[in-house]
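A structural walkthrough
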Amino acid sequence: MIDNIISIFKEQAREHKLIKAFYYNRSYEKGSGKDRYPLFWLEDPLTGRNENNLFTNSANFCVLFVPQDNVNTEYYQNLAFSIGLNIIERIKKSGNANGISILPNWSYTTLRHYYDDDAAGCRFTVSFNLLNLQNLCLIDEKFDKNKAFENESFMPSINLNPKNGCEIFVNKLPDFDLKTKK
């Protein structure tokens, strides 16, 4: 389902004539200086909850530009809002094909001097519904009643009867004899 959500937004961003890049990543990765603008940034994490086999999800995404010196920031905020609105409406329009239903309570925030790239644009928060795509007929195939967890030792074993009566501890911190006084 997560892949489905990402691919829906990625497809819309890829097909929009003005968007040059798509990212799905954590917010703190924005503004790294290696991004192509105008960009569409789908923020990780996506959130959701289940209500009677209907997933209600929430996603945040930004449409960002790097303003040119001779154009005011409001121009880019307005353009970013328009692009975000285009994408939301296109997802709503094609919702039946994708199994997604955008809820009418989405919101936006304008952005200026955003992150290190000094970007401008809009950040959107969109809530949407998706059906539970889990095939309930195959649930029992995902479980094994006879399965047991393996007992692993996370600490290396120490040979208590080493060859030549000597054991070398390769995982032990060295013991330094540092002089602290003259």
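Residues numbered from 1 in each chain as written. Predicted model: local features only at pLDDT ≥ 70, side-chain atom pairs only at ≥ 80, totals over all residues. Heavy atoms only, no water.

Another point: the packing of helix H1 (residues 2-15) against helix H2 (residues 73-93). One can describe the packing of H1 onto H2 by two numbers: an axis separation of 10 Å at closest approach and a directional angle of 125°. Considering the angle they form, H1 stands oblique to H2. Here the hand of the crossing between H1 and H2 comes out right-handed. Counting all contacts with H1, which are made through Ile 8, Phe 9, Gln 12, Ala 13 and Glu 15, the residues of H2 involved are Ile 87, Arg 90 and Ile 91. Taken together, the residues that form the contact of H1 with H2 break down as five nonpolar, one polar and two charged. (Axes fitted to C-alpha atoms, helices over the stretch in contact; angles between N-to-C directions. Helix = DSSP H or I, 4+ residues; strand = E, 2+ residues; numbered from the N terminus. Parallel < 35°, antiparallel > 145°, perpendicular 65-115°, else oblique. Left-handed = near helix turned anticlockwise from the far one by under 90°. Contact = heavy atoms within 4.5 Å. Nonpolar A, V, L, I, M, F, W, Y, C, P; charged D, E, K, R; others polar.)

Let us now look at the nonpolar core. Membership of the largest hydrophobic core comes to 28 residues, with the highest contact counts inside it found for Phe 9, Phe 40, Leu 42, Phe 61, Val 63 and Phe 128. Within the residue set of this core, elements represented by two or more residues are H1, strand S2 (39-44), strand S4 (54-65), H2, strand S5 (100-102) and strand S7 (119-131). Setting aside anything within four residues of it in sequence, one finds Phe 9 in contact with Phe 22, Phe 40, Leu 42, Ala 59, Phe 61, Ile 91 and Phe 128. Core analysis: the second largest hydrophobic core is formed by nine residues, Ala 21, Cys 62, Leu 111 and Ala 119 among them. (Core = buried A, V, L, I, M, F, W, Y, C linked by side-chain atoms within 4.5 Å. Buried < 20%, exposed > 50% of the residue type's maximum accessible area, 1.4 Å probe, protein only.)

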